[in-house]
Amino acid sequence: MNENTISAAPATFDAVVIGAGPVGLACALEVRRRGLSVCVVDKGALVNSLVGYPTNMEFFSTPELLEIGGYPFPTAHYKPLREDALDYYRRVAVAEQLPLRLYERVLSLEGQPGAYEVVTEKGRLATRYVIVATGFFDIPNRLSVPGEDASHVSYYYKEPYAHVGQQVVVIGAKNSAAKAALQLVRAGAQVSLVVRGAAISESVKYWIRPDLVNRIAEGRIRAYFHTTVQRISAAGVAVLTPEGPATLPADFVYALTGYHPDYSLLAALGISCQDDVARTPSHSPDTFETNRPGVYVAGTVCGGLNTSRWFIENGRHHAAVIAAHLAATSL
Ligand SMILES: Cc1cc2nc3c(=O)[nH]c(=O)nc-3n(C[C@H](O)[C@H](O)[C@H](O)COP(=O)(O)OP(=O)(O)OC[C@H]3O[C@@H](n4cnc5c(N)ncnc54)[C@H](O)[C@@H]3O)c2cc1C
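Residues numbered from 1 in each chain as written. Predicted model: local features only at pLDDT ≥ 70, side-chain atom pairs only at ≥ 80, totals over all residues.

Broken down by element type, the protein chain carries eight helices and 17 strands. Taking 2.2 N^0.38 as the reference for a compact globule, 331 residues should give roughly 20 Å; the C-alpha atoms of the protein chain span a radius of gyration of 21 Å, in line with that estimate. Counting only C-alpha atoms, the protein chain reaches 65 × 45 × 35 Å along its principal axes. A buried classification covers 41% of the 331 residues belonging to the protein chain. Taking the intrachain contacts of the protein chain between residues at least 6 apart in sequence as the baseline, contacts between residues at least 24 apart amount to 65%. (Helix = DSSP H or I, 4+ residues; strand = E, 2+ residues; numbered from the N terminus. Rg over C-alpha atoms; globule rule 2.2 N^0.38 Å. Buried ≥ 20, exposed ≤ 12 C-beta atoms within 10 Å, placed from the backbone. Contact = placed C-beta atoms within 7 Å.)

The following block contains the structure:
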């Protein structure tokens with residue numbers, strides 16, 4: 001097989017993994033190492049969430065904490081860039097010849113324990129087990145204000161270069177908003193930062209927060225605290241500040257207000273949610289098996305609305321637990 005070839009998948013498997021993110025790939029590797037057949041299905045590209053992250057984004061984790069399947073992740077930098085991670089996970093998938101079905105959205109799950117059918121937009125995959133590793137990056141926490149769907153409004157930030165000399169409003173106060181605001185101002189945009197709370201979140205990484213606080217203090221970024229967005233229009237972003245209503249000029253708007261799991265997909269897969277504030281997908285903390293026998297959750301999706309509970313560093317370890325459990329059961 002050519003180094004860049006990804007093998008085609010047959011249609012009946014011991015396990016189907018939904019989601020070709022780092023944790024989904026880790027699950028597929030662990031399942032295969034127990035002698036079971038597996039297929040990974042993703043509605044987008046390989047590691048689709050990482051493809052959507054900002055250009056040249058630096059991970060906060062050091063490379064060994066992002067490794068899967070025991071493959072070393074050599075990098076030139078102390079912290080890997082998005083591009084390093086994209087290359088690393090691709091190399092692992094190719095080295096393992098993982099059966100991948102990309103750009104194939106999963107819609108629902110039919111059948112009985114031991115004889116499931118994963119229904120996708122392109123067909124059906126018969127399988128005994130299902131591992132749901134669908135993350136949270138596809139569904140933004142929307143502003144729910146008039147104008148939020150305008151073409152100059154985005155819930156995803158890539159890079160600052162299109163915004164030189166432009167008025168840009170960034171909404172949010174966590175890592176993504178902080179990094180975007182800093183990059184934009186350094187690329188020559190005029191940046192207004194709208195923050196619902198009283199301050200930049202304490203959860204912003206310790207090497208980013210002081211940089212942002214100092215840029216606000218010196219007036220290079222105009223920050224509006226205790227401020228909520230009312231509407232977005234060609235006139236700008238209408239906000240309510242403690243001093244009253246104001247309109248912030250906006251050629252572009254980045255609403256970086258977080259994301260949440262696809263609860264309609266979880267429901268279509270027959271996975272219920274706990275009655276807690278995080279709407280945690282029901283699962284055993286010991287095995288990650290959900291309320292539907294033989295169906296598991298893995299990675300970020302396990303935390304529900306608590307999207308910082310599980311990430312690559314700790315979520316990748318779900319793979320071995322799940323693989324061991326499903327290999328030991330006999331559905
Ligand atoms: C800017 C940023 C920086 C980060 N830095 C770090 C870091 O330094 N260290 C760290 O450990 N974590 C970091 N994280 C978090 C980490 O990237 C995520 O926790 C990680 O991607 C979770 O992996 P996952 O495999 O659970 O989910 P994801 O990587 O989100 O993968 C889910 C996959 O499921 C697919 N999918 C969803 N719905 C369907 C469907 N219906 N059918 C088929 N496929 C579907 C998606 O397309 C996606 O490919 C960062 C996150 C962000 C946003």
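Moving on: the domain arrangement of the protein chain. For an interface, size is often stated in terms of accessible area lost upon the parts coming together. When the domains of the protein chain are assigned, the result is domain 1 (11-139 + 259-329) and domain 2 (153-255). Summarising the inter-unit geometry, the C-alpha centres of domain 1 and domain 2 are found 32 Å apart. On the domain 2 side, the residues contacting the four residues of domain 1 number five residues. Classifying every residue of the side of domain 1 that touches domain 2 gives two nonpolar, two polar and no charged. (Domains from an automatic or database assignment. Nonpolar A, V, L, I, M, F, W, Y, C, P; charged D, E, K, R; others polar.)

Another point: the sheet that holds strand S9 (residues 167-171). Reading across from one edge, S8-S15-S9-S10-S11 is the order of the five strands in this open sheet, with parallel pairing throughout. What marks the edges here is a single partner per strand, and that holds for strand S8 (153-154) and strand S11 (221-224). As paired elements, strand S10 (residues 190-194) and S11 share four bridges and run parallel to each other. Looking at S11, one finds that Val194 is bridged to Tyr224. Contacts from helix H4 (residues 175-186) reach S9, S10, S11 and strand S15 (252-255) within the one sheet, and its direction differs from that of S10 by about 160°. (Pairing = 2+ DSSP bridges. Axes fitted to C-alpha atoms, helices over the stretch in contact; angles between N-to-C directions.)

Given a rise of 1.5 Å per residue, 12 residues ought to cover 16 Å, and the 17 Å separating the end C-alpha atoms of H4 matches this to within 8%. Counting buried residues along H4, nine of its 12 residues qualify, which places the element largely inside the surrounding structure. Here H4 has its buried residues at Ser176, Ala177, Ala178, Lys179, Ala180, Ala181, Gln183, Leu184 and Val185. Against S9, S10, helix H5 (209-217), S11 and S15 lie the buried residues of H4. (Expected span 1.5 Å × (residues − 1).)

Next up on the list: unusual backbone geometry. Positioned with a positive phi, Val47 is a non-glycine residue whose angle comes to about 40°. You can see Val47 is positioned in the loop between strand S2 (38-41) and helix H2 (48-52). Judged by the 24 C-beta atoms lying within 10 Å of it, Val47 is buried. A positive phi is found at His226, a non-glycine position, where the angle reads about 50°. A tally of 13 C-beta atoms within 10 Å means that His226 is categorised as partly exposed.

Further remarks concern the nonpolar core. Within the largest apolar cluster, 63 residues are counted, with the highest numbers of intra-cluster contacts made by Leu25, Cys27, Ile131, Val132 and Ala298. In terms of residues, this core owes the most to one element, helix H1 (residues 22-33), which gives seven residues. Residues in contact with Ile131, not counting those within four places in the same chain, are Ala15, Val17, Cys27, Tyr296, Ala298 and Ile322. (Core = buried A, V, L, I, M, F, W, Y, C linked by C-beta atoms within 7 Å.)

Here we take up the site of the ligand. Neighbouring residues of the ligand: 34 residues in total, closest Gly19, Gly21, Asn48, Gly135 and Gly299. Breaking the shell around the ligand down by element, the ones donating at least two residues are H1, H2 and helix H7 (312-315). Across the shell around the ligand, the residue classes break down as 15 nonpolar, 13 polar and six charged. (Near = placed C-beta within 6 Å.)

Read from one edge of the open sheet, three strands run S12-S13-S14, paired in antiparallel fashion. Of all strands in the sheet, those with a lone pairing partner are strand S12 (228-233) and strand S14 (244-248), marking the two edges. Going across the sheet, the axis of each strand differs from the next one's by a mean of 20°, ignoring polarity. With five bridges connecting them, S12 and strand S13 (residues 236-241) associate as antiparallel partners. By the bridge assignment, Ser233 is partnered in S13 with Gly236.

It is worth spelling out the environment of Ser282 at this point. Inspection of the secondary structure puts Ser282 in the loop between helix H6 (263-268) and strand S17 (295-297). When the C-alpha positions of Ser282 and Val145 are compared, they lie 32 Å apart, and in sequence the two are 137 residues distant. Discounting chain neighbours no more than four positions away, the residues touching Ser282 are Ile271, Ser272, Cys273, Gln274, Thr290 and Asn291.

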